[in-house]
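Geometric and topological summary
For reference, the chains in residue letters:
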Amino acid sequence: DQRHNLITLVEEKLLTEQQKWGCLLACACATGSAALIGAVEEDAVTRLSPAARNAAKSAATIMAMNTVYYAAINQLNNHDYRSQAPGLSMGALSQTDVDKIDFELWAFAVSAVHKCDVCLNVHEAELHKRNVPLERVQAALRIAAVMSALATAIAIENAA
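Residues numbered from 1 in each chain as written. Predicted model: local features only at pLDDT ≥ 70, side-chain atom pairs only at ≥ 80, totals over all residues. Heavy atoms only, no water.

**Some remarks on the pattern of salt bridges**
Pairs can form between side chains of opposite charge whenever their charged atoms are close. As a reminder of what qualifies: For salt bridges, the criterion is a side-chain nitrogen of Lys or Arg within 4 Å of an Asp or Glu carboxyl oxygen. A helix here means a DSSP run of H or I that spans at least four residues, while a strand means a run of E at least two residues long, and both kinds are numbered starting from the N terminus. A 1.4 Å probe rolled over the protein chains alone gives each residue an accessible area, and that area as a share of the maximum for its type sets the label: buried under 20%, exposed over 50%, partly exposed in between.
Scanning the model with the defined rule gives five salt bridges in all. Its salt-bridge partner being K100, residue E104 comes within 3.1 Å of it at the nearest N-O pair. Placement of both E104 and K100 in helix 5 (residues 100-113) is noted, with a separation of four residues, approximately one turn of the helix. Taking relative accessible area as the criterion, K100 reaches 26% and is therefore assigned partly exposed. In this structure, E126 engages K129 in a salt bridge whose closest nitrogen and oxygen atoms are separated by 3.3 Å. Within this pair, E126 and its partner K129 are both found in helix 6 (residues 117-129), separated by three residues, close to a single helical turn.

Okay, here's the thing in structure tokens:
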């Protein structure tokens, strides 16, 4: 199933090549699977500029931090933490190496991999505000789902 899903994702045309491959790379990085990261990066090197590859990795890194922080803040019964400044550097969110919509799609998809509802909603709202069609947002979600499934398959295979 996952091989078929991956082929379908790579061939789909809802996202630009940069959006698609940046999303694949960011989500692969978000899974933490070295094998998956290596495989996707090997293919992405011919499809993404060095700046776009770096931005996709930055999206994975910044969202690894943000999904932990904001998911935890949201889970706490004490809501006083929500009004406090996080005190974390988040300069990657204002990067200019790639189109803002592309970076937002990648951050959104990584939020799905990390299962952070707060981050998912923040990035989805930003995409909606920028008139990104639901189908494109859903395409990024499919990439997140398949990358997560592939990382699980790799872990199962490595455990055998």
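**Brief notes about the confidence of the model for the protein chain**
This is how the line gets drawn: Within a predicted model, pLDDT stands for the predictor's per-residue confidence, ranging from 0 to 100.
For the protein chain, per-residue confidence averages 92 on the pLDDT scale, and 98% of positions sit at 70 or higher. Summarising per-element confidence for the protein chain, the mean pLDDT is lowest in helix 1 (residues 2-11) (87) and highest in helix 2 (residues 17-31) (97).

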